[in-house]
Amino acid sequence: MSTFVLEALLHWTAVALYIAGTIGFAYGVIFARPGKVNWALGLAASGLAVHAAGLLVRYFRVGHGPYMLKYEVLSSNAWVAVAMLLLLVWRRRSWAAIALIALPASILMMGFGLFTNPEARSLPPTLRSLWLIFHVLFNKLAVGAFILALGSAIALLRKSNGASGRWLDRLPGPEALEAYTVRFLGFGFIFWTTTIGAGAIWANQSWGRYWGWDPIETWSLVTWLAYAALLHGRLFFRLKARAVAWGTVGCFILSVLTILIFPFVFPSLHSAYFQ
Amino acid sequence: MLSLNFPRMSRIPGVIRKFLRTPKVIFAELAVLGVLCTLGASFPQQGVALESELRSFYAAGNWWGPLLATLGLDRVFRSAPFLAAGCAAGISLLVVVLEQWRRAYVLSRQRLSPSHFQNAAFRLQFEQARRCLEKQGDAPRVLVWTERRAGLAGSAIFHTGLLLVIVAAAWRALFGVEAVVDLMEGEELPPSAAAWTRQWPGLAAQPIRFEQPIKLLGMRVSHYPSGELRDLNVRIAVGNGTAATERGIAVNQDLRLPGGRLFLANEFGPAVLLEWRREGCFTNRQAVLLTERGGRRFEGEATLQSGERVFLRAQVDSAGNSPHRLEARVMRGHGLVFSGDPAVGELVSLANGDNLTLCGTPFWARLRGSRDSAVWLAYAGFALLMVGATLIFTVIKVDCCVVISPAGERESVFVALKPQRFAPLFEERFQRLVLQLRGPGLKEILRGATPAVLPSPEPDSGERDQASLGVAGLLPRSGLPLLVLVLLGLTACHPVSTERARELVERYNSTVAEAYRRGDVKLADPVVGPNESKKLAGLIGVRLDLGLTLDSELLTLVITHVERRSGELRVRTRERWRYRERRIGSGKQVGEESLDNYEMLYVFKKAGPAWLVDEIQFTSPPEVGRKQLPWSPRHGSMPALIETSKVGEGRQP
């Protein structure tokens, strides 16, 4: 079996396990079966391990981390999002319902990546920098935190609309949900700031300037400003919970556009590495 | 003691200062910057985008490309609105930073008292057997402490970092400079500004110029088997002649030189040295820089003075050696003049009699120069940004308060927790604290925590126990007002306040008065416990037997004391009542009306969420207005009730 086949097999196995985990979470949460949530957690964790193995095989095959192609970027983003989700659910079982949003989002991301060109590309000398690892790693962590914030915000919106149901009732109350949403946003904001900072240092090391108004740089700044405005509104100006939730959804859409869509729309230094 | 004096921002008038930190202004600044950045990111910008991108932007559509260019959307980051928004944001940020450091300083020095916990997110009062107040006369113990105080600085650090980044960016825009030059192997960059191909100096910056000449000695190129570039290194000589020193630079590995920093870019390739000779007319010499098209294939073209265009293509081998043979094509207009694969040094005779010679194929590399003396400031800003954001979201200041006061044979424990933010997330923390206080951890907490209100050293306090945490021990003599505040705070924090006691007594009286008026004891069920219910049933029943009801009105009510004791609430009152007996059916008054004054003790007991009256006593003999009862005691079997009604007019007790 070639390493490419092994890598693909591991990735698709991970997808299957994530789907099984999602079904388990849905059954456990909707029918109030905590035992099934444990099963679902186990399935998703197995998927995460298999997924990690797939990424490792890829790493040894191409000789660099997952930051060169859509295939690698999306797969590794999904891995980080699932890892953060499982960490949360492991610590707070009452949050299992968030898996019904975060896990399908990760599966979609991974599935989309798997249908793109998986051809291995070598690492150009510009990308051979320690700062690249920080830049990419914190970007993925930011995506994971924003996905959790999105899940929490959607649950908050449902609850504040008066919706109820077994899976919603198992989540914390609206006040706690709102606090968690803001905290996830905060972690995402820290990671996003670190992403920009690491990228700027790396740019200065490579080209002698830490900011060049490259379109994707600028979009990342716009996203940062949007999150900063939202967090300021909540932390300092007492923005209402529903406004925070809607703001979270809006900012998430903007961050997804910045990370996954705009590099293909606007000519940028980042575009070359995502094609 | 250290005294920090923060700048008072006296040069900025108060109105402007307030204006600059209002939420609407800050949001407006963020929104304007966001919109301008969005425009800048959406359209190709001068100085950022490639020339080809700009050309296609200007040529887009029939009218909207030129229109957008006329509106200045191709130079957003150099536009006046962007600079104005940046300046406004910077000044707002300065005001906010100074304000936040001042606030963080004040809060960090704040001496907390229990009254600070009136609006705490988590409060609980419970009673337990005496464990801390061992003796009857022990004074209450008050302990207030703060955890994770570092969290206070988070916002200030974050905004300071942002300010530093903006200052560094402004400095760079003014005094920074970037430059680019393409050098071939063996070529020298003289120590002059004009030697660079292009410079981008800041508004007030001098062009970049290294103090010594730089000569490109050689290049080392390596490729992956797939043909993609693996590594690029160049050797340069810095200085003149024999005094020159050899240095190496690579991609991501810059070189600091007097006058700036030198970087190696990714762009490189073979340069083709052409010599074009027309016998008796001219000799042209030209270097054509070939650029990579992928797979180690490099291409380039040149237009000669005589109008011919030369197209060249070369393949670099996997070892990174410069090519010895090239693919060449010469065109005049649309006509092909020459096509072939000449070797380096070979003389090619063209059909028109001209001669073309490939004199050499050295490598060329693109070098970038940069000078920015505020880079360290930007890096410091980035670091502070991250530290500040981390503190804001992970280190949350929490104020805690424990007050232990005597409650008869037991002690009452009041515990409160007030997080700076994200209060709902601290429920578990509060529960742990309560569990510690209920368990053996109580004494440990009292020993281990740092009291926020420390005993003041007093010259004549020799007899006072300095280690005591009692309220008296915590306060200097001049601190009596603070003691009052503490007690007021404690009262305010008490779950049953005087107002609440009044509410309970009034509710009880109005309900029972209605029960007497209607002759229906069941109406009083929501407010009385079983003991009082029995008494009321007897008293109302006696009147019903006589065909009477009692019409009563509470004229005044003064709460004189409220006390919580082992699950009971004891409320002492002074009351004034008006009573009239009425005949059932006609409603006619029977006998004279009475105006009575009582001093009462109500004993409430908790039943689920409600407080029920368990017992009522007179605390002093009642003053009864009328001299004669309207009905005579004929029921000898109920002397106690009749006797009671003599003093309380049959309503209560």
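Predicted, not measured: the structure shown is a model, and the values here were computed from it.

## What about the overall build of chain A?
Alright, step 1. Secondary structure summary: chain A contains 10 helices and zero strands in total.
Alright, step 2. Helices and strands appear in chain A in the N-to-C order α-α-α-α-α-α-α-α-α-α.
Alright, step 3. Within chain A, buried positions represent 56% of all 275 residues.
Alright, step 4. Within chain A, contacts between residues separated by at least 24 positions form 78% of all contacts whose residues are at least 6 apart in sequence.

## Re the interface of chain B and chain A
Alright, step 1. Residue-level contacts link 45 residues of chain B with 45 residues of chain A.
Alright, step 2. Looking at the side of chain B that touches chain A, the elements with two or more residues in it are α2 (23–42), β7 (229–238), β10 (260–278), β19 (363–371) and α7 (375–394) of chain B.

## What to know about the sheet that holds strand β1 (residues 122–129) of chain B
Residues and elements named next belong to chain B.
Alright, step 1. Taken together, the four strands give an open sheet; going across it, the order is β1-β21-β20-β2, and neighbouring strands pair in antiparallel fashion. Edge strands, defined here as strands with exactly one partner in the open sheet, are β1 and β2 (141–147). Taking the axes of each pair of neighbouring strands and ignoring which way they run, one obtains an average angle of 15° across the sheet.
Alright, step 2. Relative to strand β21 (residues 410–419), β1 runs antiparallel, the two being bridged by eight bridges. Its bridge partner being in β21, Ala129 is matched across the sheet by Arg410.
Alright, step 3. Contacts between helix α8 (residues 427–438) and the sheet are confined to β1, β20 (398–407) and β21, with β21 contributing the most and set at about 160° to the helix.

## Quick look at the sheet that holds strand β4 (residues 188–189) of chain B
Residue and element names in this part refer to chain B.
Alright, step 1. Pairing within the open sheet is antiparallel, and its four strands lie in the order β4-β6-β7-β8. Every interior strand has two partners, whereas the edge strands, β4 and β8 (245–250), have only one.
Alright, step 2. Bridge count for strand β6 (residues 214–223) against β7 is nine bridges, and the pairing is antiparallel. In the strand pairing of β7, His223 is matched with Leu229.

## Details of the packing of helix α3 (residues 70–91) of chain A against helix α4 (residues 99–114) of chain A
Packed helix pairs are characterised by how far apart their axes lie and by the angle those axes make with each other.
Residues and elements named next belong to chain A.
Alright, step 1. Their axes nearest at 8 Å, the elements α3 and α4 cross at an angle of 165°. In terms of orientation, α3 lies roughly antiparallel with respect to α4. When the axes of α3 and α4 are compared, the crossing they make is left-handed. Here Lys70, Tyr71, Leu74, Ser75, Asn77, Ala78, Ala81, Val82, Leu85 and Val89 of α3 lie close against α4, whose contacting residues are Ala99, Ala102, Leu103, Ser106, Met109, Met110, Phe112, Gly113 and Leu114.
Alright, step 2. The residue inventory of the contact of α3 with α4, partitioned by class, reads 14 nonpolar, four polar and one charged.

## Things to note about the environment of Leu232 of chain B
Alright, step 1. Note that Leu232 of chain B resides in strand β7.
Alright, step 2. A count of 25 C-beta atoms within 10 Å places Leu232 of chain B in the buried class.
Alright, step 3. Once the C-alpha coordinates of Leu232 of chain B and Ala250 of chain B are considered, the two residues, 18 residues apart in sequence, prove to be 6.0 Å apart.
Alright, step 4. When neighbours within four sequence positions are excluded, Leu232 of chain B is seen to be in contact with Pro125 of chain A together with Val221, Ala250, Val251, Leu264 and Phe268 of chain B.

## Quick notes on the environment of Asp74 of chain B
Residues and elements named next belong to chain B.
Alright, step 1. Structurally, Asp74 is set in the loop between α4 (64–70) and α5 (80–109).
Alright, step 2. Sequence separation between Asp74 and Ser42 is 32 residues; the distance between their C-alpha atoms is 9.6 Å.
Alright, step 3. The residues touching Asp74, leaving out its near neighbours within four places in the chain, are Phe43, Pro44, Gln45, Gln46, Leu54, Phe57, Leu68 and Ala69.

## Thoughts on unusual backbone geometry
Alright, step 1. Of note in the backbone geometry, Asn252 of chain B takes a positive phi value of approximately 70° without being a glycine.
Alright, step 2. Judged by the 20 C-beta atoms lying within 10 Å of it, Asn252 of chain B is buried.

## Topic: the environment of Met219 of chain B
Residue and element names in this part refer to chain B.
Alright, step 1. By secondary structure assignment, the location of Met219 is in strand β6.
Alright, step 2. Overall, Met219 belongs to the buried group, with 20 C-beta atoms counted inside 10 Å.
Alright, step 3. A sequence separation of 17 residues divides Met219 from Ile236, and the C-alpha atoms of the two residues are 9.0 Å apart.
Alright, step 4. When near neighbours in sequence (up to four residues on either side) are disregarded, Met219 contacts Glu185, Asn233, Val234, Phe268, Phe363 and Ala365.

## Details of the pairing of strand β23 (residues 568–583) of chain B
Residue and element names in this part refer to chain B.
Alright, step 1. Taken together, the 16 bridges between strand β22 (residues 548–565) and β23 define a ladder with antiparallel strand orientation. The residue of β23 that forms the bridge with Leu554 is Trp577.
Alright, step 2. Hairpin connection, β23 to strand β24 (residues 589–607): the antiparallel pair is bridged by five residues, and Gly585 has positive phi, about 100°.

## Concerning the packing of α2 of chain B against α5 of chain B
All names here are of chain B.
Alright, step 1. Between α2 and α5, the shortest axis-to-axis distance is 10 Å and the interhelical angle comes to 145°. In this structure, the crossing between α2 and α5 has a hand that is left-handed. Together, Val25, Ile26, Glu29, Val32, Leu33 and Leu36 of α2 and Pro81, Phe82, Ala85, Ala88, Ala89 and Ser92 of α5 make up the contact between the two elements.
Alright, step 2. Of the residues contributing to the contact of α2 with α5, the split by class is 10 nonpolar, one polar and one charged.

## What about the confidence of the model for chain B?
All names here are of chain B.
Alright, step 1. Here chain B shows a mean pLDDT of 80. Residues at 70 or above account for 84%.
Alright, step 2. Note that pLDDT drops below 50 for residues 448–495; the model gives that stretch 68 contacts with residues more than four away or on any other chain.
Alright, step 3. Ignoring residues within four places in sequence, the model shows residues 632–653, a span with pLDDT below 50, making 31 contacts including any to other chains.
Alright, step 4. Note on the complex model: pTM 0.70, ipTM 0.82.

Conventions used here
Residues numbered from 1 in each chain as written. Chains lettered and ligands numbered in written order. Predicted model: local features only at pLDDT ≥ 70, side-chain atom pairs only at ≥ 80, totals over all residues. Helix = DSSP H or I, 4+ residues; strand = E, 2+ residues; numbered from the N terminus. Buried ≥ 20, exposed ≤ 12 C-beta atoms within 10 Å, placed from the backbone. Contact = placed C-beta atoms within 7 Å. Pairing = 2+ DSSP bridges. Axes fitted to C-alpha atoms, helices over the stretch in contact; angles between N-to-C directions. Parallel < 35°, antiparallel > 145°, perpendicular 65-115°, else oblique. Left-handed = near helix turned anticlockwise from the far one by under 90°. Nonpolar A, V, L, I, M, F, W, Y, C, P; charged D, E, K, R; others polar. pLDDT = per-residue confidence, 0-100.

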